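Fold and geometry: a report
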Amino acid sequence: FVYFSQSQICLLLRCFCSLCKGFSRTVRFFSRRDRIRGIIAFFGGIFLVMMRWPIFGMMFQLYGIVYLFGQFFPIVAASMKDTPVIGAIFSAPAVERFFQNSGGANRRAPV
């Protein structure tokens, strides 16, 4: 088996995602001013993981991911309600309230 460190896996994942979306769309997504807090947290987390602070780096990355992609959580939850096994979990009132509140009222999904 090939051994990859966490920083190498992190870097490979970022490169793969940018290849799938295209370089210009990736740059455009990560250069929006309204998402600067999430962008700094995300790339700061990558930097911390590479500097061998994996716990703090992953926490920063998680915050950045939630901030960058948080408006999509209600959309994902709505489509998960239609799945056979876990649809009942996503239809529970507490879970519905969580995903409605996690979307961010002041930001709009670009779909």
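Residues numbered from 1 in each chain as written. Predicted model: local features only at pLDDT ≥ 70, side-chain atom pairs only at ≥ 80, totals over all residues. Heavy atoms only, no water.

Here the focus is the packing of helix α3 (residues 36–50) against helix α4 (residues 54–69). Running from N to C, α3 and α4 point in directions that differ by 155°, and their axes come no closer than 7 Å. Classed by the angle they form, the pair α3 and α4 counts as roughly antiparallel. By crossing handedness, the relation of α3 to α4 is classed as left-handed. Residue-level contacts link Arg37, Gly38, Ile39, Ala41, Phe42, Gly45, Ile46, Leu48 and Val49 of α3 to Pro54, Phe56, Gly57, Met58, Phe60, Gln61, Tyr63, Gly64, Ile65, Tyr67 and Leu68 of α4. (Axes fitted to C-alpha atoms, helices over the stretch in contact; angles between N-to-C directions. Helix = DSSP H or I, 4+ residues; strand = E, 2+ residues; numbered from the N terminus. Parallel < 35°, antiparallel > 145°, perpendicular 65-115°, else oblique. Left-handed = near helix turned anticlockwise from the far one by under 90°. Contact = heavy atoms within 4.5 Å.)

Let us now look at a nonpolar patch on the surface. A cluster of nonpolar side chains, namely Phe47, Met50, Met51, Trp53, Ile55, Phe56, Met59 and Phe60, defines an oily patch on the protein surface of about 870 Å² accessible area. Within the residue set of the nonpolar patch, elements represented by two or more residues are α3 and α4. Ranked by the residues each element gives to the nonpolar patch, the list is headed by α4, at four residues. Relative to the elements of secondary structure, Phe47 occurs in helix α3. (Patch = residues over 30% accessible without salt bridge, like charges linked within 9 Å, V, L, I, M, F, W, Y side chains within 5 Å. Areas by Shrake-Rupley, 256 points an atom, 1.4 Å probe, with all protein chains shown as cover. Salt bridge = Lys/Arg side-chain N within 4 Å of Asp/Glu carboxyl O.)

Attention now goes to the pattern of salt bridges. Counted under the stated rule, the structure contains two salt bridges. For Arg32, the salt bridge goes to Asp34, with nearest N and O atoms at 3.1 Å. The class of Arg32 is partly exposed, set by a relative accessible area of 34%. The class for Asp34 is partly exposed, based on a relative accessible area of 42%. (Buried < 20%, exposed > 50% of the residue type's maximum accessible area, 1.4 Å probe, protein only.)

Its location among the elements puts Phe30 in the loop between α2 (23–29) and α3. Note on Phe30: relative accessible area 24%, which makes it partly exposed. Here the alpha-carbon distance between Phe30 and Phe43, two residues 13 residues apart in the chain, equals 9.9 Å. Apart from the residues within four sequence positions on either side, Phe30 is in contact with Ile39, Phe42, Phe43 and Leu68.

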